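A look at the structure
So you can see what is in the structure, the chains are spelled out below.
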Amino acid sequence: MSSEDFFNLLRDHLAAGNPTVGYRLPGKESVHLLSQTTKNSFRIKDFSESGFVFAPFKSIENPLFIPEKESTKTFLAHFAGSDFGMNAKDGISEGDEDPRAKSNHINLVEAGAKAIKESDLKKVVLSRKEFQKVKSSAIEIFQNLLLLYPNAFVYIWNHPETGIWLGATPETLLKTERTKFSTMALAGTRKLQNFKENGWTNKEIVEQQIVTDSILFNLKALGYTGDQLKISETYTSEAGSLLHLRTDISGTIKNGTSETGAIIRALHPTPAICGLPKKEAYDFILEHEKYDREFYTGYLGPLNMTTEIKRSNRTRNQENQVYSSIRKDSSVFVNLRCMKYNEGEVAIYVGGGITKDSDTTAEWEETVNKSRTMKAAL
């Protein structure tokens, strides 16, 4: 299928209004399209289902789901921005600062820092939403995101209950391949431009360690002991024009696909998008942010999706050949760097982790830098 045919098909599905998602996995060339054949709403029951999950920040038992068996599947082998004459660049002009938005966010950060000093709260992630006028269609923005961020999970989602959402997120919540699983602790944000090696501040290092420690604690609560988990060194990870501190964590799944839901429920929301302790941070966010995050900092991605593997002619026997040709993989991501699309306008969601060492102005600037990763695609 040509790129033009693929995006025309996506346009038709969006116009029809059936639940539809287009996405590309990090570092991959192929773009996938999954569209329901009806407008029915399906929800996750126990995470053993196969399809695409789309969950909000607020913890709910049964997030929205597009079932693989109720949908048509299409894929584009390779997306080339040149097919559409695009020449998007990673970056956007500084623009005018919104004094009211800045003042409101600084006040919010100050409230978070005060709570940390006066309570058991160690970290809280505080966010804001800003609106931007756009002339581009949702599909054009999706194409730009694909072009700009090849190493992110890029998606466009449409559902009668949610409207259209788009994003390019750098953070994996859970990835499974056969019996293996992996996740990551991602925190701390700096601009790529003019960043000096080992230029991370103590605040950023501590913030990232909080995320790592919490993930390990939650996995150990599920019965994964320290010697069953592989933990990488913390390193600098590039995501578009931004840098983050990252630690990779992996292990072997104990109970097959039934364990997928248990791990997701244990990890979400991580301290990278909520805080620590989880309940105290969650309650603070709901009380003080004064808006509904909706699906920002929720999670999304293909869940137990059928993956066909090319079989080797050197396989020992026919039984092993059949077994190795098809498997069920999951790639679930935290919904960061995202926007909600309405004709002529988008809502962009950005935030940052607050600790006792946070500087209010620096926290505002971090949200401004994050918003530019989305504005670059507009």
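Only a predicted model underlies this, so the values are computations on that prediction, with no experimental measurement involved.

Looking at helix H3 (residues 138-148)
Most of H3 sits out of view: 9 of its 11 residues are buried. All of the buried residues along H3 are Ala138, Ile139, Ile141, Phe142, Gln143, Asn144, Leu145, Leu146 and Leu148.

Some remarks on the pattern of salt bridges
With the rule as written, the count across this model stands at 17 salt bridges. The shortest N-O distance in the salt bridge between glutamate 207 and lysine 203 comes to 3.0 Å. Here the residue glutamate 207 and the residue lysine 203 both occupy positions in helix H4 (residues 202-221), the gap between them amounting to 4 residues, near one helical turn. Glutamate 294 serves as the salt-bridge partner of lysine 340, at 3.0 Å between the closest nitrogen and oxygen. Pair noted here: lysine 340 is in strand S19 (residues 338-342) and glutamate 294 is in the loop between helix H6 (278-288) and strand S16 (299-303), with a separation of 46 residues, a long-range link. Residues joined by salt bridges that share partners form a network here, namely Lys123, Lys203, Glu207 and Glu363.

Considerations on the pairing of strand S2 (residues 31-36)
Judged by how many residues are buried, S2 sits mostly within the fold: 5 of 6 residues are covered. With 4 bridges connecting them, strand S1 (residues 20-24) and S2 associate as antiparallel partners. Note on S2: the bridge partner recorded for threonine 20 is serine 35. Hairpin connection, S1 to S2: the antiparallel pair is bridged by 6 residues, and glycine 27 has positive phi, about 75 degrees. Judged from the 6 bridges that link them, S2 and strand S6 (residues 71-76) form a sheet pairing that is antiparallel. Bridge pairing in S6 places glutamine 36 opposite serine 71.

Things to note about the sheet that holds S6
Neighbouring strands of a sheet are bound in pairs by backbone hydrogen bonds; such pairs are parallel or else antiparallel. If you walk across this open sheet you meet the 9 strands as S6-S2-S1-S8-S9-S19-S20-S7-S15, and the pairing is antiparallel. Of all the strands in the sheet, the pair left with one neighbour each is S6 and strand S15 (275-276). Examined bridge by bridge, S1 and strand S8 (residues 153-159) share 5 bridges and lie antiparallel to one another. Residue pairing across strands places valine 21 opposite tryptophan 157, the latter belonging to S8. Along the sheet, H4 makes contact with strand S7 (123-133), S15 and strand S20 (345-354), crossing S7 at roughly 105 degrees.

Conventions and cut-offs
Residues numbered from 1 in each chain as written. Predicted model: local features only at pLDDT ≥ 70, side-chain atom pairs only at ≥ 80, totals over all residues. Heavy atoms only, no water. Buried < 20%, exposed > 50% of the residue type's maximum accessible area, 1.4 Å probe, protein only. Helix = DSSP H or I, 4+ residues; strand = E, 2+ residues; numbered from the N terminus. Salt bridge = Lys/Arg side-chain N within 4 Å of Asp/Glu carboxyl O. Pairing = 2+ DSSP bridges. Contact = heavy atoms within 4.5 Å. Axes fitted to C-alpha atoms, helices over the stretch in contact; angles between N-to-C directions.

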